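Residue-level structural notes
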Amino acid sequence: MPKRDDINSVLVIGSGPIVIGQAAEFDYSGTQACRVLREEGVRVILVNPNPATIMTDPDFADATYIEPITPEIIESIIIKEKPDAVLPTLGGQTALNAAIALHDAGILEKHGVELIGAKVDAIRKGEDRQLFKDLVIEAGAGVAKSHVAKTLEQAKEFALDLGYPLVVRPSFTMGGLGSGFAYTEEDLVRIVTQGLHDSPTTEVLLEESILGWKEYELELMRDTADNTVVVCSIENVDPVGVHTGDSITVAPALTLTDREYQHLRDIGIDIIRAVGVDTGGCNIQFAIDPADGRVIVIEMNPRVSRSSALASKATGFPIAKIAAKLAIGYRLDEIPNDITRVTPASFEPTLDYVVVKVPRFAFEKFPAADPTLTTTMKSVGEAMAIGRNYATALQKALRSLEKRGSSFHWGEEDRSIEELLEVASVPTDGRIVVVQQALRKGASIEQLFEATKIDPWFLDQIVLINEVAETIASAENLDTELLLLAKDHGFSDAQIGQLRGFGEADAREVRHILGIRPVYKTVDTCAGEFPALTPYHYSSYDFETEVEPSDRRKVVILGSGPNRIGQGVEFDYSCVHASFALSAAGFETIMINCNPETVSTDYDTSDRLYFEPLTLEDVLEVIHAESQSGELVGVVVQLGGQTALGLAKGLEAAGIPILGTTPDAIDLAEERGLFSGILDAAGLLAPKNGTAIDLAGAVHVAEGIGYPVLVRPSYVLGGRGMEIVYDSPSLADYFARIEGQGIVGPTHPLLVDRFLDDAIEIDVDALYDGTDLYIGGVMEHIEEAGIHSGDSSCTLPPVTLGRAEVDRVREATRAIAEGIGVRGLLNVQFAIGAGVLYVLEANPRASRTVPFVSKALGIPLAKAAARIMVGATVAELIDEGMLPASDGSRVPFDAPVAVKEAVLPFNRFRTREGIIVDSVLGPEMRSTGEVMGIDKDFPTAFAKSQLAAYGGMPTSGTVFVSVSDRDKRAIILPVLRLQQLGYDIAATEGTAEVLRRNGIRAQEVLKFSEKTSDDAASVVELINRGEVDVVVNTPSGRSSRADGYEIRAAAVARDIPLFTTIAELSAAVASLDVQRDGFEVTSLQEYQLRREASA
Amino acid sequence: MTETPTTTNEAAVLVLEDGRRYDGRAYGARGRTLGEAVFATGMTGYQETLTDPSYAGQIVMMTAPHIGNTGMNDEDMESARIWVAGFIVRDPSRVVSNFRSQRSLDDDLAAADVVGISGIDTRALTRHLRSAGAMRAGIFSGDDALLTPGEQLDLVQGGAAMSGANLSGAVSTTETYSLPAVGERIGTVAVLDLGVKTSTLKYLAERGFDVQVVPQSITAEEVLALEPDALFFSNGPGDPAASDRHVELLRTTLREGLPYFGICFGNQLLGRALGFGTYKLPFGHRGINQPVLDKATGRVEITAHNHGFAVDAPIDRVSESSEGFGRVEVSHYDLNDNVVEGLNCLDIPAFSVQYHPESAAGPHDANYLFDRFRDMVVSTRSTGSPTETSTSTATEGSNE
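Here the structure is a predicted model, which is why all the values come from computation and not from measurement.

**Considering the domain arrangement of chain B**
Residue and element names in this part refer to chain B. Domain boundaries assigned for chain B yield domain 1 (10-157) and domain 2 (168-395). Within the residue set of the side of domain 1 that touches domain 2, elements represented by two or more residues are β4 (32-40), α1 (46-50) and α3 (122-132). The element that contributes the greatest number of residues to the side of domain 1 that touches domain 2 is β4, accounting for three residues.

**A word on the sheet that holds strand β15 (residues 354-360) of chain A**
All names here are of chain A. Read across the open sheet, the seven strands follow the order β14-β13-β10-β11-β12-β15-β16; overall the sheet is antiparallel. Each edge of the sheet is formed by a strand with only one pairing partner; in this case those strands are β14 (295-301) and β16 (381-387). Strand-to-strand twist across the sheet, computed as the mean angle between neighbouring axes with direction ignored, equals 25°. Two elements, strand β12 (residues 249-251) and β15, share three bridges in a ladder whose sense is antiparallel. The partner of Ala251 across the bridge, within β15, is Val355. Here helix α11 (residues 319-327) sits on the sheet in contact with β10 (214-222), β11 (228-236) and β13 (280-288), set at roughly 125° to β13.

**Examining helix α10 (residues 368-383) of chain B**
All names here are of chain B. Compared with an ideal rise of 1.5 Å per residue, which puts 16 residues at 22 Å, α10 spans 22 Å between its outermost C-alpha atoms and is within 8% of the ideal. Burial in α10 covers these residues: Leu369, Phe370, Arg372, Phe373, Arg374, Met376, Val377 and Thr380. Residues of α10 that are buried make contact with β13 (187-192), α6 (198-206), β15 (230-233), β16 (260-263) and β22 (350-353).

**Some words on the nonpolar core**
Among the nonpolar cores identified, the biggest contains 460 residues, and Val356(A), Leu558(A), Val636(A), Phe830(A) and Val191(B) are the most heavily contacted of them. The element best represented in this core is helix α20 (residues 569-584) of chain A, accounting for nine residues. Ranked by size, the runner-up nonpolar core spans 15 residues in total, among them Phe158(A), Ile191(A), Val192(A) and Val204(A).

**A closer look at the pairing of β10(A)**
All names here are of chain A. The buried count for β10 comes to nine of nine residues, which makes it a mostly enclosed element. What you see with β10 is no split at all: Lys214, Tyr216, Leu218, Leu220 and Arg222 on one side and Glu215, Glu217, Glu219 and Met221 on the other are buried throughout. As paired strands, β10 and β13 are joined by nine bridges and run antiparallel to one another. Opposite Arg222, over in β13, you have Gly280 as the bridge partner. As defined by bridge partners, β10 adjoins β11 across eight bridges and the pair is classed as antiparallel. Across the sheet, Leu220 pairs through a bridge with Val230, a residue of β11.

**A closer look at the sheet that holds strand β6 (residues 146-149) of chain A**
All names here are of chain A. Read across the open sheet, the four strands follow the order β6-β9-β7-β8; overall the sheet is antiparallel. The sheet is open, and its two edges are formed by β6 and β8 (180-182), each paired on a single side. The average angle at which neighbouring strand axes cross in this sheet is 30°, direction not considered. Pairing of strand β7 (residues 166-170) with strand β9 (residues 204-208) involves five bridges; the strand directions are antiparallel. Across the sheet, the residue bridging to Arg169 is Leu205, located in β9. Packed on one face of the sheet, helix α8 (residues 185-198) meets β6, β7, β8 and β9 and runs near 20° to β7.

**Describing the domain arrangement of chain A**
Split into domains, chain A comes out as domain 1 (9-118), domain 2 (145-209), domain 3 (357-513), domain 4 (519-596 + 605-659), domain 5 (688-746) and domain 6 (952-1076). Computed from C-alpha coordinates alone, the two centres of domain 1 of chain A and domain 5 of chain A are separated by 46 Å.

**What to know about the interface of chain A and chain B**
Contacts between the two partners involve 48 residues from chain A and, on the opposite side, 42 residues from chain B. Looking at the side of chain A that touches chain B, the elements with two or more residues in it are α9 (258-275) and α16 (456-474) of chain A. For the side of chain A that touches chain B, the leading source of residues is α9(A), giving six residues.

**Focus on unusual backbone geometry**
Backbone torsion omega between Tyr164(A) and Pro165(A) reads -5°, so that peptide bond is classified as cis. Looking at the secondary structure, you find Pro165(A) in the loop between α7 (152-162) and β7. Of note, the amide linkage connecting Ala360(B) to Ala361(B) takes the cis form, showing an omega dihedral of 0°. Note that Ala361(B) resides in the loop between β22 and α10. Backbone geometry places Arg341(A), a non-glycine residue, at a positive phi of 65°. Mapped onto the secondary structure, Arg341(A) falls in the loop between α11 and β15. Positive phi, normally seen in glycine, also occurs at Cys264(B), with a value near 60°. Relative to the helices and strands, Cys264(B) resides in the loop between β16 and α9 (265-274). Given 31 C-beta atoms within a 10 Å radius, Cys264(B) is considered buried.

Rules of the game
- Residues numbered from 1 in each chain as written.
- Chains lettered and ligands numbered in written order.
- Predicted model: local features only at pLDDT ≥ 70, side-chain atom pairs only at ≥ 80, totals over all residues.
- Domains from an automatic or database assignment.
- Helix = DSSP H or I, 4+ residues; strand = E, 2+ residues; numbered from the N terminus.
- Pairing = 2+ DSSP bridges.
- Axes fitted to C-alpha atoms, helices over the stretch in contact; angles between N-to-C directions.
- Contact = placed C-beta atoms within 7 Å.
- Expected span 1.5 Å × (residues − 1).
- Buried ≥ 20, exposed ≤ 12 C-beta atoms within 10 Å, placed from the backbone.
- Core = buried A, V, L, I, M, F, W, Y, C linked by C-beta atoms within 7 Å.

Now the structure itself:
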């Protein structure tokens, strides 16, 4: 059946903020869906509160609602836009859950809107564990023995039947949240209690353990004519027990015979049919007993997933795009294969290369968290690499992680084989390197298999890599044959240099003298059977290159690599926009990136895509290959975060033109001494500061400035290693903790600043072309200074700054831009304390807030920056109409207010004892994502941001308050207002006393540490019992820190609103009235029309 | 897991008849081998491929880089031996890891005296064969690697071409043998072994046929003397244009009204028996991911292919057999390139497919064709005429 003619408008539900388990891959899938639907002439309405995404750019939908994903809000959008259908299968679990909620509330039926992509029945069959098991058994496949428990008592009973260890999986949660292995009854009680809470249906599944089995995934698609294809098979290198998102995975599956693979395929097809997915895709996970091949179906997702994004990039088969077409009625055989253009999409891609994905973790941000990998996903990003063999793909993927120690090495290793085997037996971040070291020291494949259950085939590949390393190290000369051997096993120049006892640059020089360079092959879905028309390339040290010569003017854009805390989808947004803008301006755009979750690595985004690690070596080789034809105008480094910026100097040294701000100018901003000079010349103030390269120096500086001080290493992103330090012993403690991380040293000094207490922090994004400054936006932080800008909420336009203050900020930004010599984007952070404007730092690059500013004010900052980098002026861009005539510092009085709120991942991380890690905000960034609320005024916008971030404040209930002494004055008004609105107030002794003296009735409760007997409950118990609905807790000095921690951990575990700053509490209280009245919804396109009308 | 001898650094070279040379490492047996260079794109199933008699006379290159990971076992043999003339892989596995594995691929190749080569840019070779077409080639290792390039090229160019080759005699059984029906018996099928695969025989037996496998040298009279309920022609190597005798045999039995099902070579021979021509494809279809449209149902099946020749028949209309067998239509075609993938006779009980419903290696999507065959045999026996399975009305005008 061709496209349905009864679907003329579709509401696409996005996935909301980036959280662990639901990240940028849904921006990729959602963006693809929006593009496809519009190409098909369908009016696209989008709801997604995540401003960092590309899909929420107004160019991608006809009506873009940056609004919370709740049934009420979606109903408002449906009433307003009257879509024919709702498409929920491209927005992850969030969208699927929203669809179910809309259905259950009767909203879809009431407004005559059809659910497309997946039927409610199919969603339920896929997600409800028991229904799914029945269906798998009916399909003739195996399932793990299991029971569904609705209470803890039931769970205990079932455990007797299954025996320990056993698996606990809550129903209807995403990313495996709340799942885990119970080895004892104590574990069982803990995991089941939490799981029952996390599950929206208060159900958990208990299952026999299949720990250590081989794990596989299939990505399937099916159309209305029952045509079904398997797009990709994926094999997990880490066996069952590690969440697939946290596993190293490989595509295609490498250790199955055809008979076994076809058996999985048959089961997969039977299941997709039985579930009833008939207009889209699904992924199915399998476990196989390595001893006898018994197959168990683990689960299926009747929607686009993280794995399907990976599969799309791995095969060149765009699952989300095809899913969107199937949803509006097309059959697979009616859709052409994008890459060959002459063959249909009703086929199964075949690969003549190997793809390896490795996860990237952020445990360094949560030092208290247990780094053991389990069935709950903990990674924050991933890198993918393509190679002509597994060894190459694995080594490329590991170096794509850009993390110290993530690659194999042959340096010193003090641990014995026994120690290494012991370490390797527990899955953790970096286990693969431990395995490599153990094998290198002589452990056998059998020993490693026993310890890790990693398939012997994968272990032998590491043995092979070690053998090649040994050959490289022991050979007399580094000759052509040896280099080719090394390169065909994925060794980097740096690794070769290390093995030969010299540097990376020397290894490269020898290689280039010998004329050894990679060729570039093409991802073509068909192993070369048909010509590929899409230049989607990866490197190999084979003999024939497939890079087509081109005589165009080329711009290379460096992406931002694997997502991590502090560098996520917002940088991809900037890279993608630069690509679009430069393409529109007539350049040939060449994207280099290694992150499979992103839009930038969609082969549709740029003219050419190189899926390569973002290391100097890999980038130089791509540039060399592209320099063989046409004219290389230059490389864009300022949009891909610290990853791209970090390559600027090396590229410049190699004679590659860097577009925009020069590497020397970047240094001016980063190097403290030079930057002070710029500020002095402009008459601007920085907080008193100094630099140090060791503890003694740091203490000296800090005592000179006076405590508290803010310390931070230079050249880091996301506030890595950034802390507020109150005294010299704490400073010593700080140095002890960062030792060995290589973040502070002679070339990377520690910056020590006077910490400004109670100051207002301001973030500015601006463009500078050498003559004109154009402010993108002036953002006012809601929390006081001291909390990382990525974790704090902010408002645009500022709501408490006067016009004169904004003007001062504007002039200061101009002076800094001039002083540094910015060409393109600049981000400056200011603080206003006691009426004095301080410059905290300046970064001549795209910041995290670029997409937020662009959407809040309708200013395409990244596009404009890209144009400025290739020579356009601000004046020209205004004339062209790309930039509005008046910049973001002059926001009209009646303009809407946008609030950005951070989303934090604390509920993912637990200590070894199983307690949630601390959730106090600080100068080191720990949020994974953000949401935006936009409305007519600050309270309404703020309320929307809270609703989108965590569901918002309850409208009644008990608010527990316990704050530090310095905050006691500030809580009186907000708490009074809460009481007036009908909330009950509970407080610890000290806080309660202050409240009562101010006429506020507060029930006194014990601190955790005050509890001495069983008769009175501590606050932690009240929270655990569900008797507290909101927690306000600000950390005070060191003494009561532990108490605060217990309270906050309990609040996070119960998933109730938690305020750790009074500023946020005050904003939330101010927004309570508007929240009670419900919200209006307005699309970005409507805001734009209003702006144009008033201009 | 069994350790196998690691790949050596011994040199080997692949030489194509157009003079191209690809340096690699010796793999499998040492020496030299000549044959037609073709590429197969399946990511699984090297064992089934190697033991498929249709690959006789061909030097097969796997486009998937890692080959040998799961070793070899007795269960997955598609015939009693390895048939390929030579084997080209990029990264042979050093170890074997699979719970069913019994031997390593290296050992089996060496034991079967199959000369192979590893470590070449297989994708470059694929792209070359794709544009230049399948061609004669030779692999030279051991002492033969020391021959001069000129001597090697002469040997390659002096080798037999696939066009015009009749290889049936080389692969067929010489003795008749039989397999009993599994479950309820519905009759006997005579299988002309032109290179038949184990899976085909298994699926026929599972449909209730007593399977009598007969040598390719059999005559029509001998076939009819067996009094089978149906006749089946298997897959096999060679040029269908060089198999006149089998075509005649088929015409004779069709005139006798014997129900017929053919796979691959058996499809080309039915085509010829009905009066169509056959032709050589530039580089053939060899893979397990080919989309084929079943015109009867309008559904796409993902299928296993291994053919270098195809039937020349119109895919968009019903034809009349020039040999007097009535109306015939193309029942299946490949959506990648519109090549004929199946024939269906409307007036006699006969049909065939170019691809492999027995898969092995490959997806099981087309396995229903064995049911279709059984149903045809049953209904022919009860009514004396074929079931009306015309697809022309269902899909009229929708083939473009």
